[in-house]
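Summary of the model geometry
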Amino acid sequence: KAVLSRKDVDASGEIIKFDSGGMPWRNHLYDLEKEHCVDPLVKFVLYTDVSGMWRVQAVTVEGKGFENRLSLPEEWRGVRDENLTDVAGIKGCRFCHAAGFIGGNDSFEGALEMAKVALSRK
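Bear in mind that the values here come from a model prediction, so they are computed numbers and not experimental data. (Residues numbered from 1 in each chain as written. Predicted model: local features only at pLDDT ≥ 70, side-chain atom pairs only at ≥ 80, totals over all residues. Heavy atoms only, no water.)

**A look at the layout of surface pockets**
Our working definition: Points on a 1 Å grid, built from protein atoms alone, make a cavity when a 1.4 Å probe fits but cannot get out and make a pocket when they are open with protein on both sides within 12 Å along at least 5 of 7 lines; residues with an atom within 4 Å of a point are the lining residues. Grid points are joined across faces, edges and corners, and a volume is the space filled by probe spheres set on the points. The way it works is that DSSP assigns letters per residue, a run of H or I at least four long becomes a helix, a run of E at least two long becomes a strand, and they are numbered from the N terminus.
The calculated volume of the largest pocket comes to roughly 320 Å³. Along the wall of the largest pocket there are 16 residues; nearest its centre are K1, A2, V3, K17 and F18. Elements supplying a minimum of two residues to the lining of the largest pocket: α1 (6-9), β1 (15-17) and α2 (26-35). Per-element accounting of the lining of the largest pocket gives the leading share, three residues, to α2.

Pasting the structure below:
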């Protein structure tokens, strides 16, 4: 469902939204991308964690667990809370991992904006 409705999340088709997190999704996503001839490939997945924070997670290159198709911007990496909100210019930022593979925001809209900014810099 998330793959087929990806353009409802963002016109690029490179961001998908899950109703909840906590499930393995990578291999299923790779299979669905092939099955539905997804082009361009999905770069980011948005979902909520157990605390309700929205996550923006980079999709890895298939078969390469630590290589992202696209990472979050370098200047965000390792930055948290208000400092990240200031650097990114996006309200509600919580964190960006030092490796740039995942970040968090208080809202869906904020997480979506984080993914959109990353896409705009590819």
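**Remarks on unusual backbone geometry**
Selection criterion: Relative accessibility decides the category of a residue: with a 1.4 Å probe and only protein chains considered, values under 20% of the type maximum give buried, values over 50% give exposed, and everything between is partly exposed.
In the segment running from D39 into P40, the intervening peptide bond is cis, with an omega of 0 degrees. If you check the backbone angles, C37 has positive phi at about 50 degrees while not being a glycine. Position of C37 among the secondary structure elements: in the loop between α2 and β2 (44-48). By relative accessible area, C37 is classed as exposed at 65%.

**Concerning the side chain of E33**
Our working definition: As used in this structure description, the phrase polar contact means that two N or O atoms lie within 3.5 Å; if the pair is within protein, one of them must be able to donate a hydrogen and the other to accept it, and residues adjacent in sequence are counted only when both atoms belong to side chains.
Tracing the sequence through the fold places E33 in helix α2. Classification of E33 by relative accessible area gives buried; the value is 4%. Within polar-contact distance, the side chain of E33 engages the side chain of R69 at 2.7 Å.

**Re helix α4 (residues 108-120)**
Rules: A helix is expected to span 1.5 Å for every residue after the first.
An ideal rise of 1.5 Å per residue puts 18 Å on 13 residues; α4 measures up with 18 Å between its terminal C-alpha atoms. Those residues of α4 that sit buried are F108, G110, A111, L112, M114, A115, V117, A118 and L119.

**Focus on the pairing of β2**
To keep things clear, this is the line we draw: Assignment of crossover handedness uses the view with strands pointing away from the viewer, where a clockwise path from the first strand over the helix to the second indicates a right-handed crossover. Two strands qualify as a pair provided that DSSP identifies no fewer than 2 bridges between them.
The buried fraction of β2 is high, at five of five residues. With α2 bridging β1 and its parallel neighbour β2, the resulting β-α-β unit is right-handed. Connecting β2 to the antiparallel partner strand β3 (residues 54-58) that follows it, the hairpin turn spans five residues, and G52 within it adopts a positive phi of roughly 95 degrees.

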